[in-house]
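# Results of the structural survey
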Amino acid sequence: MVNRKTKRDGRSLMAVVKLWLLRIVYSVLDHIPPMVWDVLHVIADIYLFWVYKFMNYVRPRSRMLYYEAIKELDASESYEVWCEKAAVVDEITGANLWRRNFFSRRYDFRAVLEQYASLIKNLNDKDIERIKEKFSTTGPCMLRNFAGIVDKKLFTKSLMGTKLLIEHHLDKTMEGLELLEANAAPTSFFQRCKLSLGTTALILQGGSFFGLFHLGVIKALLSQNLMPNIISGSSMGACIASIFGCLTNEELDHLLSGDTILDLIRNDLELVKSCGYGDIEQHVNLGKLIQNLVHHGYSQDVYLFIQFVLKYIVKDLTFEEAYQNTGKAFNIVIHPIDNSCPNLLNYVTTPNVLIRSAIECSLGTGVISTDTKLLCKDLGNEVVSFLEFGNPDTVQFVAPEQATNLDEVESPYTRLTELFNVNNFIVSLAKPYLAPLVSNDLKHEIKTSKYYYYKHYPQTEESIDIPELNIPQLNFTEMEPLAFKFKYHLERKLKNIATMEFRHRMEVLDNLGLLFPFIKRLIIDERTPRSATEIAIVPKIKSLSITRIIEGQLDNIPYWIKCGEQSTWPVLSLLKTRCKVELKLNEIIKHRRSA
């Protein structure tokens, strides 16, 4: 008993000392003159300038061409410009040759060739019955990963996309669906095809002070007509998801274009001042800003944006009212500590719950307000507590990174697959520091000529000629036109080992309760069901700006929107391959229902 009391007293003393030291650090930071920070900025700029200059001097000429092309690629202001620059990079690396040659061990190119040739013949003959057979639930065209065509390794060698054969095959599939629609195929046929293919959902995971990155991902997907109708968000992702769920695509596109959001915020002086932007000394009190980041998990600009969404977008809407207005299935993930309510909120499970209260619960108890309750509207349209039994004031909600140890009956993403037939996830991870660690992130492997060399093709007797591909007669071979040197394989293996070891150690520390909440917010992320495929979109590490995060500048909103767009562009080719048929089916079904 004495030992336990001694340990408790020791922990209390350590907590007091820790709090005292933090207050000293914050106070010192608050009183550092702004001139000191300006001098440090100048020193950092000079240092980076000479480092880059030295690197450019020692690099060979061939490497310089590549890095100049990459610099222009990263500076692209639109997706069209990005594609032009990406084509130049592919030409430098030789990846354009890899695209034109359809041989690869990564997918069954013989099966794709056979189906492609068959589709061409059926389309030329307008054989409706044969096309229906290929698009039926047992046909190959309604398989998302038919012959392995969506293997991520097929999208890491070229910035412009995958094998031209796969792209041409999908184009012919689109022509087949259009032909069936023109010939009055029943709507039930397209619905069965959609059920067989499955559904795609966009997951906005957390983000805290990087959460504005999700806006850019949504904008990039909307511009290319690749935005799924199902979206789910947690923490800051829940706030962004509610914007998509409460606005039509046209309204959302207008909101994200130009400086529309900034103009609305600046015109509301009451909102700006209530969030701390009316204080002239806001950029000087650095200690206070860092304290807010560490203890609450969001920066000043993120807090302002949350209040903007609650005031102008969400208001007092419920999930059912939002669905009736837009027809979108958007979900919010919460984590109650006692499983007293569903952890996936939407128009099916909790139609009468107020969206604003769901956002606050997803962020966690005490993050935005001290009175965090899950609210709903009753039959008389009065706002009441959603938890009728027990004492709703005692229910606590935790942030996603703190919910990893909760004994949940069912994962919210597993529930999402059951409700909406989701088998394909697009995951937006607003965590720049995870970019080198996310194993399922799309990374382009070919960087410079030091990593690959050209193979020579042995002549064989078996060959095929397809005029529609504009490819001359080629010989079958199991070899690819580009092969990596041993140096690349060694670097990749060592990097994968280091990544897996790091993640394992962090999970062990988390399970033992030894990981600080602030570190958990940076490292631990939610997991989607293993039975579903997943595409991760992560901000590039070069987009991370410590100054912007700490100071919470107002122009952070367009800054992170642009960052989200640029991080999504390299993944669009994979998304088009995985979602093209599904989105076309959705378009046909929607057109039939509105007719």
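So, a few notes on the structure that sits alongside this text. (Residues numbered from 1 in each chain as written. Predicted model: local features only at pLDDT ≥ 70, side-chain atom pairs only at ≥ 80, totals over all residues. Heavy atoms only, no water.)

Among the structural elements, Thr326 can be located in helix H17 (residues 319–326). Looking at Thr326, its side chain comes within polar contact range of the main-chain oxygen of Gly245, at 2.9 Å. In contact with Thr326, other than residues within four places in its own chain, are Gly245, Cys246, Leu247 and Thr248. (Helix = DSSP H or I, 4+ residues; strand = E, 2+ residues; numbered from the N terminus. Polar contact = N/O pair within 3.5 Å; in protein donor to acceptor, adjacent residues only side chain to side chain. Contact = heavy atoms within 4.5 Å.)

The subject of this paragraph is unusual backbone geometry. Located in the positive-phi region is Lys126, a residue other than glycine, with phi close to 55°. When you line up the elements, Lys126 lands in the loop between helix H6 (109–125) and helix H7 (128–135). Classification of Lys126 as exposed rests on a relative accessible area of 58%. Even without being a glycine, Asn381 presents a positive backbone phi close to 65°. (Buried < 20%, exposed > 50% of the residue type's maximum accessible area, 1.4 Å probe, protein only.)

Here we take up empty space enclosed by the protein. If a probe the size of a water molecule is rolled over the atoms, the empty space left behind becomes visible. One pass over the full model with this rule turns up four cavities of 30 Å³ or more. Of the pockets and cavities examined, the second largest cavity occupies roughly 90 Å³. Contributing to the lining of the second largest cavity are 13 residues, with Cys141, Leu143, Arg144, Leu170 and Val581 lying nearest its centre. Considered class by class, the residues forming the lining of the second largest cavity number eight nonpolar, three polar and two charged. (1 Å grid on protein atoms, 1.4 Å probe; cavity = no way out; pocket = protein on both sides within 12 Å on 5 of 7 lines; lining within 4 Å. Points joined across faces, edges and corners; volume = space filled by probe spheres on them. Nonpolar A, V, L, I, M, F, W, Y, C, P; charged D, E, K, R; others polar.)

Before going further, it helps to examine the packing of helix H10 (residues 213–223) against helix H12 (residues 249–256). Packed helix pairs are specified by the crossing angle of their axes together with the interaxial distance, meaning the distance between the axes. Between H10 and H12, the least distance of the axes is 10 Å, while the angle of their chain directions is 125°. Between H10 and H12, the angle falls in the class oblique. Note that H10 runs across H12; the crossing there is left-handed. Side by side, H10 and H12 meet where Leu215, Ile218, Lys219 and Leu222 of the first sit next to Asn249, Leu252 and Leu256 of the second. Taken together, the residues of the contact of H10 with H12 sort by class into five nonpolar, one polar and one charged. (Axes fitted to C-alpha atoms, helices over the stretch in contact; angles between N-to-C directions. Parallel < 35°, antiparallel > 145°, perpendicular 65-115°, else oblique. Left-handed = near helix turned anticlockwise from the far one by under 90°.)

In this section: the layout of surface pockets. What the second largest pocket holds in volume is close to 1300 Å³. Lining the second largest pocket are 37 residues; nearest its centre among them are Asn229, Gly327, Asn586, Glu587 and Lys590. When residues of the lining of the second largest pocket are traced back to their parent elements, those giving at least two are helix H9 (187–197), strand E1 (199–205), H10, H12, H17 and helix H24 (572–594). Classifying every residue of the lining of the second largest pocket by side-chain character gives 14 nonpolar, 13 polar and 10 charged.

Let's shift gears to the packing of H10 against helix H11 (residues 236–246). Interhelical geometry of H10 versus H11 gives an angle of 35° and a closest axis separation of 9 Å. Where H10 crosses over H11, the two elements pack in a sense that is right-handed. Each of His214, Leu215 and Ile218 in H10 lies in contact with H11, whose residues at this interface are Gly237, Ile240 and Ile243. Grouping the constituent residues of the contact of H10 with H11 by class yields four nonpolar, two polar and no charged.

Turning to the nonpolar core, a few remarks are in order. Core analysis: the biggest nonpolar cluster contains 105 residues, and Ile218 and Phe305 have the highest contact counts within it. Take this core: its biggest share by element is nine residues, from helix H16 (residues 300–314). Counting 21 residues, the second-largest nonpolar core is a separate cluster that includes Met142, Leu170, Leu179 and Ala185. (Core = buried A, V, L, I, M, F, W, Y, C linked by side-chain atoms within 4.5 Å.)

Counting buried residues along E1, seven of its seven residues qualify, which places the element largely inside the surrounding structure. Alternating residues of E1 divide into Thr199, Ala201, Ile203 and Gln205 and Thr200, Leu202 and Leu204, and every residue in both groups is buried. As paired strands, E1 and strand E7 (residues 422–429) are joined by seven bridges and run parallel to one another. The residue bridging Thr199 from the neighbouring strand is Val422, located in E7. Sheet analysis places E1 next to strand E2 (residues 230–234), joined by five bridges and oriented parallel. Bridge pairing in E2 places Ala201 opposite Ile230. (Pairing = 2+ DSSP bridges.)

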